[in-house]
Amino acid sequence: MIGKTSWPVLNERCRVSEADSLWVLLPTGQRASGEWIDDTLRARAEEQGLLDRLTQVAAFPRQRVEVVRGPNAGAEVNETFYRRGWTDGLPIVPPTTNRVDGMLRAGGQPRHQVLGEAEPLKGVVTVEKVAVNAVMAGCEDAHMPVVLAAAAALLEPEFNLRGVQTTDENVTPLLVLSGRLAKTLQMNSRFGALGPGWRANAAIGRAVRLIMHNLGGGWPAAVAFAGLGQPGRYSLCLAEDDEFNPWESLREELGFTVDDDVLVVQRAESVVNVTGGLDDLASVMASATSAFSRMHGGQVAVIIAPYVAKMLADEGKSKAYVKAYLHEHGQCGAAEFEKSWLPARLASQTKWPRWVRDGVARDSVPAVESPDHITVIVAGGDIPIPQCAYLPTWGFPPCRIAKKIRKTSV
Amino acid sequence: MLRASAAVEAAGIPSSSLVCDGFLGQGATTAVGLGLPNLPMAAVPGHVDTQTDNELRDNLTSVTLRAVIENLTAAPPAAVMIPEPGPQDVVMDGSFEEINRFFYENGWSDGLPIVPPSREKVERFLAFTDLPAEHEIGKMAPDNRQATVWNVAVNGVMAGCRPQYMPVLVALAEAMCDPGYGVEHSGNTPGAETLITINGPIIKELEFNYEQGALRDGFQANTAIGRWWRLYLRNVAGFLPHQTDKGTFGNTWRVVLAENEDVLAKIGWPPHAADFGHGRGDNVVTISRFTGGDVIASVFGQKPEDMLPYLADALISQTGWQLIFTVGMADGSYNPLLVLSPILAETMAKAGWSKDDVRQWLFENARIPARKFEQYIVEYTNFYSGGRSMFELAQLGKANELYGTSQDPDRLVPLVCNPMDIQIAVSGDPGRTNAQVFSHNGILGFPTARAIRLPNDWQNKLAGAE
């Protein structure tokens, strides 16, 4: 007979050994055909001379879970993952089985569910792989539904992930959370909304980058040839401020209800600071919009400071008015357009879109095709200083993807 | 279907396989095993069986067609070898709990604890075969991995087998690789599970249970060898749920069914393996996939004529969609199994009935109206489209002539094409008048037998075993 007290006795050896070991899931992508994208990346990294830094590319056990032994298992995982090319250069949180399990519970979607294939190397994006990368990025479990929504957005054809990953332009996904969930998750929409300091903004954006990196294989200088990259490639994620936004929310504007939580994803080239109001924004739009962006048309974004937004609203100006105003005034002259790099040097034979040709004809070329191609976000510190921003875009086709975030019990 | 596409591609002809959404993952993994990991597939949204003609047309023209054109006009990228650990690599070093967790996390275990397959344990298994460890048994879909004596032993250790079970395991691996069995179908959606039956003196030598509770766990040989089967399908053939194994429900692996050869000898009936050309006293395993079935409780009667109508009725009630294996798909491959408890077999034998007499009676009497048969293969399942009656199919040579004797839809027709297609085995509680019917999965797991080859000096080795 086993007495009642003898039942929960633990195996001491086992306990010690488990405390010293990390059971980590591999974040990297496997194609539907079973190939690991690392084998392709190794060839590219070798061609590009990256193996002196990434010394262990493709050198890993071809399985789901790996055991890393202590006593410094955490440091070991970090070093190994970095050398295998699986990080953004910053330390990662080891994606242990129990951390990933917590993330999966919070995500509420089955582990093996396939969301799609991440371009350009076509790693299969499963919910589990998303969770692994989210853990590595430093996400809290409660962030998982947002990361899943972001992953789904990246996989929409109009996001053009292949283009975003491989272009020489420095484009990156812009994530905007519109919904009350932002407050629950403590995602910043005020002072310092674009960072640093808030975990949700930092980690969710970073998770998206790691997914692109580890499942799509968008390794800089190996597959991704963005001329410079940009700091936004670590994370570019903020919330719309419900309280300071005097207009209808982004989610309502895009056909959802005020009670929904919606992640809006579009492509951003950079964040250009604009201290001023609509005219200052329009002027920056006119000059900071590349001819390339005009060639493909796109969805640009402006972030409007609470102070400016309130002033405009007090004057009775609607969001639609703001968009129309920016569209109308954010235009450059024909000569300026024609002497810019692309039309002058590379694309003199290109057939430009009608709206651009019409703009040249009337000596006023808009930044985007229509007012609706401008996403207006209200965020920033509540001070009477107009700290706004313009986020130009890149690439075809125009994209503003809105994903409703699944409510979960966590 | 992908196997046909692979053959066509191998012949240098572009292909495009139409695959329903839910099967794309299975398609991709299956393609790897076919040696063509980039076999072009075109997705069909949803499942075709539940769509209206208009929905299907819209889905095909808006989604599938584009992919078909691309598949047929672009060359698929070249295949790349997918590395995996070598067969004799040590993949993990740790405590019992750690090794179990590691194997489970990496998909190499069925969820129950495994015995860690250390080199030393594997070698104890190898001592029970005269074949070399690297002996190649055959390659199996979907992973196209080589079955070897070594990996038979590794999975044997893991399943909790004893080393002396090794000759049985090798014979089972050989049967699994037999093209006549059709292991490649093991991931199909009905999710049938294989039943292993065993004959010969080895039943007693390895202490298989063949009496009361014959299909219950609790007896190491029956249980561990049954578990080995599923582990081998997982780890060597490569059938994994959510990937290559699309069994809609599936069920747990079955323990091995050992026949009661004492009773068979007493009543003069041949062993089950005799159906496959093996003699009395031969050590033989037979594998066959079954989708279901049931116990037939309390078979009442003093003579065969009293008992058989109930058993015939049981064959009828446990046979439905499986009739597509009699007419429609791989004609004449339906082989249901009737397991009789010893007392039932003895009562029949006492009345002078041979096993073949029983089969003949069941063949003649386990019959259903032709209209019901047609309902299963046409109306309910749509397995046989085109609206032809079985009479017409028989006239065209597409169904056994048994089905072409009349056009009367109410005529009674047999469930199988030949009395010998009804398998009969004797096992279970010797004194209870119950039987069991297993509904067979036709060509997708056809009955296949293999003689068990014992190593030299078997008796001495056995005497020295744990």
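Residues numbered from 1 in each chain as written. Chains lettered and ligands numbered in written order. Predicted model: local features only at pLDDT ≥ 70, side-chain atom pairs only at ≥ 80, totals over all residues.

**Considerations on the overall build of chain A**
Move 1: Each helix and strand in chain A was counted, giving 17 helices and 14 strands.
Move 2: Taking 22 Å as the expected radius of gyration for a compact globule of 410 residues, we find that chain A reaches 23 Å, a close match to that expectation.
Move 3: If you line up chain A on its principal axes, its C-alpha atoms span 90 × 50 × 30 Å.
Move 4: The buried share among the 410 residues of chain A stands at 50%.
Move 5: Nonlocal contacts in chain A, meaning residues at least 24 apart in sequence, comprise 83% of its contacts between residues at least 6 apart. (Helix = DSSP H or I, 4+ residues; strand = E, 2+ residues; numbered from the N terminus. Rg over C-alpha atoms; globule rule 2.2 N^0.38 Å. Buried ≥ 20, exposed ≤ 12 C-beta atoms within 10 Å, placed from the backbone. Contact = placed C-beta atoms within 7 Å.)

**Description of the overall build of chain B**
Move 1: Secondary structure summary: chain B contains 16 helices and 13 strands in total.
Move 2: Whereas a compact globule of 466 residues would reach a radius of gyration of roughly 23 Å, chain B reaches 24 Å, a difference of no more than 12%.
Move 3: With respect to the three principal axes, the spread of C-alpha positions in chain B is 70 × 70 × 35 Å.
Move 4: Here chain B, with 466 residues, has 48% of them falling under the buried criterion.

**Quick notes on the domain arrangement of chain B**
Move 1: For chain B, the assigned domains read domain 1 (2–73) and domain 2 (190–199 + 252–451).
Move 2: Distance between the C-alpha centres of domain 1 of chain B and domain 2 of chain B: 36 Å. (Domains from an automatic or database assignment.)

**Remarks on the domain arrangement of chain A**
Interfaces are often sized by the accessible area lost when the parts come together.
Residues and elements named next belong to chain A.
Move 1: In terms of domains, chain A is made up of domain 1 (16–170 + 199–208) and domain 2 (236–404).
Move 2: Spacing between the C-alpha centres of domain 1 and domain 2 amounts to 32 Å.
Move 3: Contact with domain 1, which involves 17 residues of that partner, is made by 16 residues of domain 2.
Move 4: Listed by contribution, the elements that provide at least two residues to the side of domain 1 that touches domain 2 are α6 (144–154), α7 (161–166) and α9 (199–214).
Move 5: The residue inventory of the side of domain 1 that touches domain 2, partitioned by class, reads eight nonpolar, six polar and three charged. (Nonpolar A, V, L, I, M, F, W, Y, C, P; charged D, E, K, R; others polar.)

**Remarks on unusual backbone geometry**
Most peptide bonds adopt trans geometry, and most residues besides glycine take a negative phi value.
Move 1: Cis geometry is found at the peptide bond from Phe396(A) to Pro397(A), where omega equals -10°.
Move 2: Relative to the assigned elements, Pro397(A) resides in the loop between β13 (387–391) and β14 (401–404).
Move 3: In this structure, the amide linkage connecting Ala141(B) to the following residue, Pro142(B), adopts the cis form with an omega of 5°.
Move 4: Mapping Pro142(B) onto the fold places it in the loop between β3 (136–140) and β4 (145–148).
Move 5: Backbone geometry at Asn382(B) places phi at a positive 60°, although glycine is not the residue there.
Move 6: Structurally, the position occupied by Asn382(B) is in the loop between α14 (370–380) and α15 (390–395).
Move 7: Judged by local crowding, Asn382(B) falls into the exposed class, with 9 C-beta atoms found within 10 Å.

**Concerning the confidence of the model for chain B**
Move 1: Scored by pLDDT, chain B comes out at a mean of 92, with 97% of its residues at no less than 70.
Move 2: The ipTM, which scores confidence in the relative placement of chains, is 0.78 for this predicted complex, and the corresponding pTM is 0.85. (pLDDT = per-residue confidence, 0-100.)

**A few points about the sheet that holds strand β6 (residues 237–239) of chain A**
Within a beta sheet, neighbouring strands are joined by backbone hydrogen bonds and run either parallel or antiparallel to one another.
All names here are of chain A.
Move 1: With mixed pairing, four strands are arranged side by side in an open sheet as β6-β5-β7-β14. The sheet is open, and its two borders are formed by β6 and β14, each paired with just one other strand. Across this sheet, the average inter-strand angle for adjacent strands is 25°, counted without regard to direction.
Move 2: For strand β7 (residues 262–268) and β14, the ladder comprises four bridges, and the chain directions are antiparallel. (Pairing = 2+ DSSP bridges. Axes fitted to C-alpha atoms, helices over the stretch in contact; angles between N-to-C directions.)

**Examining the environment of Met92(B)**
Move 1: Looking at where Met92(B) falls in the secondary structure, it is placed in the loop between α3 (53–73) and α4 (96–105).
Move 2: With 18 residues separating them in the primary sequence, Met92(B) and Asp110(B) have C-alpha atoms 18 Å apart.
Move 3: Aside from chain neighbours lying at most four places away, what touches Met92(B) is Val67(A), Ile99(B) and Phe102(B).

**Focus: the environment of Trp321(B)**
All names here are of chain B.
Move 1: Structurally, tryptophan 321 can be placed in the loop between α11 (304–317) and β8 (337–340).
Move 2: Assessed through the 15 C-beta atoms surrounding it within 10 Å, tryptophan 321 is described here as partly exposed.
Move 3: As a C-alpha pair, tryptophan 321 and isoleucine 99 span 222 residues in sequence and 43 Å in three-dimensional space.
Move 4: The residues contacting tryptophan 321, other than those within four sequence positions of it, are Tyr376, Tyr380 and Thr381.

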